[in-house]
Amino acid sequence: IRPDGGLPARVRLVNGDTWGVIPSTQLTATATLPAGSTGTLVLAERADPGWHATLGGTELKAVDPVDGWAQGFGLSGSGTLRLTYRPWWVWPWRALAGLGLLGAALATIPLRRRT
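The structure contained in this document is the topic of the report that follows. (Residues numbered from 1 in each chain as written. Predicted model: local features only at pLDDT ≥ 70, side-chain atom pairs only at ≥ 80, totals over all residues. Heavy atoms only, no water.)

**Some points on the overall build of the chain**
Let me state the cut-off plainly: Numbering of helices and strands starts at the N terminus; helices are DSSP runs of H or I of at least 4 residues and strands are runs of E of at least 2. By the convention used here, residues are in contact when the closest approach between their heavy atoms is within 4.5 Å.
Tallying secondary structure elements over the chain gives one helix and six strands in all. Starting at the N terminus and ending at the C terminus, the chain contains elements arranged as β-β-β-β-β-β-α. Expressed along its principal axes, the backbone C-alpha trace of the chain runs to roughly 85 × 35 × 25 Å. Partitioning the contacts of the chain with sequence separation of at least 6, the portion at a separation of at least 24 is 60%.

Pasting the structure below:
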């Protein structure tokens, strides 16, 4: 039930009492915003430092959690909006996975038997 009649949205641009839906996937969103776009970009995700947003190549500043928990970014301007999630643990995890694959590949190399 949606008493306000609004559509469900994972990412939305809120400006006062009005808001618009930004097309998104689970971890990214991309949209072209017209000139004069202002407001707050609000995610239906908890506030986390892994979220990054850019508008026209300029990093957007995160705002205090919206409604006490939701990730938000202050928005003013126009251009291509890109939203991504990059948690801190991705690079160490990839390095460990690469080392594991390297170890597995080395283990497959046949060794000569000494006679």
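**What to know about empty space enclosed by the protein**
Basically, it comes down to this: As defined here, a cavity is a set of points on a 1 Å grid over the protein atoms alone where a 1.4 Å probe fits but cannot get out. A pocket is an open set with protein on both sides within 12 Å along at least five of seven lines, and residues line them when an atom is within 4 Å of a point. Grid points are joined across faces, edges and corners, and a volume is the space filled by probe spheres set on the points. Three residue categories are used. Nonpolar comprises Ala, Val, Leu, Ile, Met, Phe, Trp, Tyr, Cys and Pro, charged comprises Asp, Glu, Lys and Arg, and polar comprises the others, including Gly.
Within the structure shown, the criterion is met by one cavity of 30 Å³ or more. Estimates place the volume of the largest cavity at around 40 Å³. In this structure, the largest cavity is lined by Arg10, Val11, Thr25, Gln26, Leu27, Thr28, Leu43, Glu45, Trp51 and Leu83. By residue number, the principal contributor to the lining of the largest cavity is strand E3 (residues 28-46), which donates three residues. Of the residues that constitute the lining of the largest cavity, the class distribution is five nonpolar, three polar and two charged.

**Let's talk about the pattern of salt bridges**
Which entries qualify depends on this criterion: When a carboxyl oxygen of Asp or Glu is within 4 Å of a side-chain nitrogen of Lys or Arg, the pair counts as a salt bridge. Under the scheme applied here, a residue whose accessible area is under 20% of the maximum for its type counts as buried, over 50% as exposed, and between as partly exposed, the area being computed with a 1.4 Å probe on protein chains only.
Under the counting rule described, the total for this entry stands at two salt bridges. Among the ionic pairs, Asp48 bridges to Arg46, the shortest N-O distance being 3.1 Å. You can call Asp48 buried: its relative accessible area is 15%.

**Some remarks on the nonpolar core**
The criterion, for reference: Put simply, buried Ala, Val, Leu, Ile, Met, Phe, Trp, Tyr and Cys residues joined by side-chain atoms within 4.5 Å make one nonpolar core.
By size, the foremost hydrophobic cluster in this structure holds 16 residues, and its most contacted members are Ile22, Leu41, Phe73, Leu81 and Leu83. Listed by contribution, the elements that provide at least two residues to this core are strand E1 (11-15), E3, strand E4 (51-55) and strand E6 (70-85). With five residues, E3 is the largest single contributor of residues to this core. Setting aside residues up to four positions removed in sequence, Leu83 forms contacts with Val11, Leu27, Thr28, Ala29, Leu43, Trp51, His52, Ala53 and Phe73.

**Examining the sheet that holds E1**
Hydrogen bonds along the backbone pair up the strands of a sheet, which may run parallel or antiparallel. In plain terms, the rule: Being paired, for any two strands, means DSSP has found at least two bridges between them.
Pairing is antiparallel across the open sheet formed by six strands, whose spatial order is E2-E1-E3-E6-E4-E5. Edge positions in the sheet fall to strand E2 (18-21) and strand E5 (58-59), since each of these pairs with one other strand and no more. Sheet topology note: the E1/E3 ladder contains four bridges and is antiparallel. Bridging from a neighbouring strand, Val14 pairs with Thr40 of E3.

**Notes on the side chain of Ser37**
Where we set the bar: Under the rule applied, a polar contact is a pair of N or O atoms within 3.5 Å (in protein, one hydrogen donor and one hydrogen acceptor; residues adjacent in sequence only if both atoms are side-chain atoms).
Looking at the secondary structure, you find Ser37 in strand E3. On the basis of relative accessibility, which here comes to 9%, the residue Ser37 falls in the buried class. From its side chain, Ser37 meets the backbone oxygen of Pro34 in a polar contact 2.7 Å long. Setting aside chain neighbours within four positions, we find Ser37 in contact with Leu75, Ser76 and Gly77.

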